[in-house]
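Structural characterization, general
Residue-level listing of the chains:
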Amino acid sequence: MASFTFRIARRDTSAVGREQSFQVELEDRMTVLDALFLIQREQDPTLSFRCSCRVGMCGSCAMRVNWQPRLACQTRVATLEADTITVEPLATLPVLKDLVVDMEPFFRQWKKVSPTLHPRDKSSKTLAVVPPNSAFGKQAAVKRDCITCGACYSACGMTGANEGYLGPAAINRAMLRLMDPRDDLVDERLKVLNNVDGVWRCHTQFNCVAACPKSINLTDSIMKMKRALLFPKKFHDKRNFVDNP
Amino acid sequence: MTSAISLTIRKYGWRYAGNVAFWVQRLTGLALVGYLILHIHTIRDLQNPKTFDEALHTFSKPLFKMGEIGLLATVILHALNGIRLTMVDLGVGLTKQRQMFWYFAIGVGAVLFLAGAIPMFIYGILNHHG
């Protein structure tokens with residue numbers, strides 16, 4: 001058992017927030033989310049935060065822990081190597097209460113790229129086979145794990161200043177759909193990306209890569225889409241090649 | 001407490017190297033714009049040899065020599081990080097951008113800086129005459 005001070009950003013309906021400190025005793029393997037539950041149960045039942053799965057696959061508990069966006073359920077307090085832990089809501093997104101943010105700006109951008117699959121043959125009953133060695137197979141293996149937690153959107157230096165910017169997660173999803181040989185919404189998606197608030201807004205700060213709890217190289221996805229827009233013929237040839245191996 | 005702060009800074013500097021590099025590029029770029037304005041303004045004085053000589057005399061003072069050493073650091077940082085950014089834009093070494101910043105732009109840059117700054121300091125400032 002070790003004692004920790006949690007400095008938690010509190011905010012209710014008023015526009016001004018405040019900081020509140022809590023002392024908690026934690027076991028070695030306990031996470032930031034465990035600590036938040038402990039505080040809520042034993043010290044202040046009005047503390048608000050979001051969580052669901054507790055195993056890092058739903059993406060609800062993203063928040064800033066010691067100034068970095070992380071999943072509270074995946075952050076063991078001992079790994080932070082600090083006695084005082086600051087917990088704040090995600091940056092850039094509007095705060096609803098305490099650590100709960102409104103994800104609407106994030107999903108507004110997410111919807112812009114048509115994140116779902118638009119297959120050529122909608123009535124087809126056959127299962128598509130994606131060869132693991134194909135360009136799409138290789139990309140999908142490392143880029144499809146996005147849990148839409150918003151950590152990248154919060155860490156990005158561009159989203160805060162430009163509300164219209166798609167953000168790393170949406171561009172990554174668009175890239176996966178564009179590389180998918182089954183998908184048929186190519187030109188529409190490329191048009192959304194080829195915009196001043198699309199991929200060209202990225203200044204390769206790599207903050208999204210640093211923040212992503214799923215270790216997705218989002219900047220790589222953005223750069224791939226920039227190249228696809230610069231060399232459309234090459235990109236289309238590659239797609240066709242994947243389509244008919 | 002000090003160690004906690006230095007630990008945080010070290011961790012941040014590595015994890016968010018891209019962000020540090022972004023601001024280094026912006027700030028050195030602005031400094032270079034400032035230098036270029038002064039530089040071109042002085043060259044315009046070539047029309048009048050007397051004022052040009054006066055300007056050059058001012059620039060040989062230790063304060064400006066120190067500024068020149070600072071300019072060397074700025075140019076090296078901006079150039080090497082610019083090479084890193086170009087490589088990133090070409091899609092080369094996207095997974096090695098942190099190493100490219102700290103080892104290439106800062107590490108190699110520091111060696112180049114010392115190689116230039118030491119002679120500049122000795123001949124420009126220590127052995128400064130008039």
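Residues numbered from 1 in each chain as written. Chains lettered and ligands numbered in written order. Predicted model: local features only at pLDDT ≥ 70, side-chain atom pairs only at ≥ 80, totals over all residues. Heavy atoms only, no water.

Residues and elements named next belong to chain B. Counted according to the given criterion, the structure contains 9 aromatic pairs over all chains. Here Y12 and Y16 contribute two aromatic rings whose centre-to-centre distance is 4.9 Å and whose plane-to-plane angle is 15 degrees, an arrangement assigned as stacked. Assessed through its relative accessible area of 33%, Y12 is described here as partly exposed. (Phe/Tyr/Trp six-rings, centres within 6.5 Å; stacked < 30°, edge-to-face > 60°. Buried < 20%, exposed > 50% of the residue type's maximum accessible area, 1.4 Å probe, protein only.)

Residues and elements named next belong to chain A. Read from one edge to the other, the open sheet built from 5 strands follows the order β2-β1-β5-β3-β4, with strand pairing classed as mixed. Looking at strand neighbours, the two that pair on one side only are β2 (18-26) and β4 (68-71), the edges of this open sheet. In this sheet, adjacent strand axes meet at a mean angle of 35 degrees when their direction is disregarded. Where strand β1 (residues 2-10) lies against β2, 9 bridges are found, and the strand directions are antiparallel. (Pairing = 2+ DSSP bridges. Helix = DSSP H or I, 4+ residues; strand = E, 2+ residues; numbered from the N terminus. Axes fitted to C-alpha atoms, helices over the stretch in contact; angles between N-to-C directions.)

All names here are of chain A. What the domain assignment lists for chain A is domain 1 (2-101) and domain 2 (104-242). Computed from C-alpha atoms alone, the centre-to-centre distance between domain 1 and domain 2 is 30 Å. Contacts between the two partners involve 12 residues from domain 1, matched on the other side by 15 residues from domain 2. Each partner contributes to the roughly 950 Å² buried at the junction of domain 1 and domain 2, and carbon and sulfur atoms together form 67% of this total. (Domains from an automatic or database assignment. Contact = heavy atoms within 4.5 Å. Buried area = accessible area lost by both parts, 1.4 Å probe.)

The next point concerns the interface of chain A and chain B. With 19 residues of chain A in contact, the opposing surface of chain B contributes 20 residues. Summing the contributions of chain A and of chain B, the shared interface buries around 1600 Å²; its carbon and sulfur component is 53%. If you sort the residues of chain A by the area they bury against chain B, Q205, F206 and A210 of chain A come out on top, with a joint share of 33%. The tally of links from chain A across to chain B stands at 0 salt bridges. At the boundary of chain A with chain B, the tally comes to 4 residue pairs in polar contact (both at pLDDT 80 or more). Of all the elements, helix α8 (residues 218-230) of chain A adds the most residues to the side of chain A that touches chain B, at 4 residues. Of the residues that constitute the side of chain A that touches chain B, the class distribution is 8 nonpolar, 8 polar and 3 charged. (Salt bridge = Lys/Arg side-chain N within 4 Å of Asp/Glu carboxyl O. Polar contact = N/O pair within 3.5 Å; in protein donor to acceptor, adjacent residues only side chain to side chain. Nonpolar A, V, L, I, M, F, W, Y, C, P; charged D, E, K, R; others polar.)

The next thing to look at is the pattern of salt bridges. Residues and elements named next belong to chain A. All told, the structure shown has 16 salt bridges over all chains when counted by the stated rule. The salt bridge involving R76 is made with D28; its shortest N-O contact spans 3.9 Å. In this pair, R76 is assigned in the loop between β4 and β5 (84-88) and D28 in the loop between β2 and α1 (32-42), connecting sequence segments 48 residues apart. Owing to a relative accessible area of 27%, R76 belongs among the partly exposed residues under this scheme.

Where two cysteines share a covalent bond between their sulfur atoms, that bond is called a disulfide. Residue and element names in this part refer to chain A. Going through the model one piece at a time under the given rule, you end up with 0 disulfides over all chains. Free cysteine C58: the closest other cysteine sulfur is in C53, separated by 3.6 Å. When its relative accessible area of 27% is taken as the criterion, C58 is described as partly exposed. Between C202, a cysteine without a disulfide, and C208, which holds the nearest cysteine sulfur, the sulfur-to-sulfur distance is 6.5 Å. (Disulfide = S-S within 2.5 Å.)

Right, let's talk about the pairing of strand β3 (residues 62-65) of chain A for a bit. All names here are of chain A. Pairing of β3 with β4, which is carried by 4 bridges, proceeds in the antiparallel orientation. Bridging from a neighbouring strand, V65 pairs with Q68 of β4. Following β3, the chain reverses through 2 residues before pairing antiparallel with β4; N66 in that reversal takes a positive phi of roughly 45 degrees.

This next bit is on the environment of V88 of chain B. In this structure, V88 of chain B sits in helix α4 (residues 62-89). On the basis of relative accessibility, which here comes to 0%, the residue V88 of chain B falls in the buried class. When the C-alpha atoms of V88 of chain B and P62 of chain B are compared, they prove to be 39 Å apart, with 26 residues separating the residues in sequence. Look past the residues within four positions of V88 of chain B in its chain and what remains in contact with it is T204, F206 and M223 of chain A together with L94, Q97 and M100 of chain B.

Residue and element names in this part refer to chain A. Located in the positive-phi region is D98, a residue other than glycine, with phi close to 45 degrees. Along the polypeptide, D98 turns up in the loop between β6 (95-97) and β7 (100-101). Residue D98 is classed as buried on the basis of its relative accessible area, which comes to 2%. Located in the positive-phi region is T148, a residue other than glycine, with phi close to 45 degrees.

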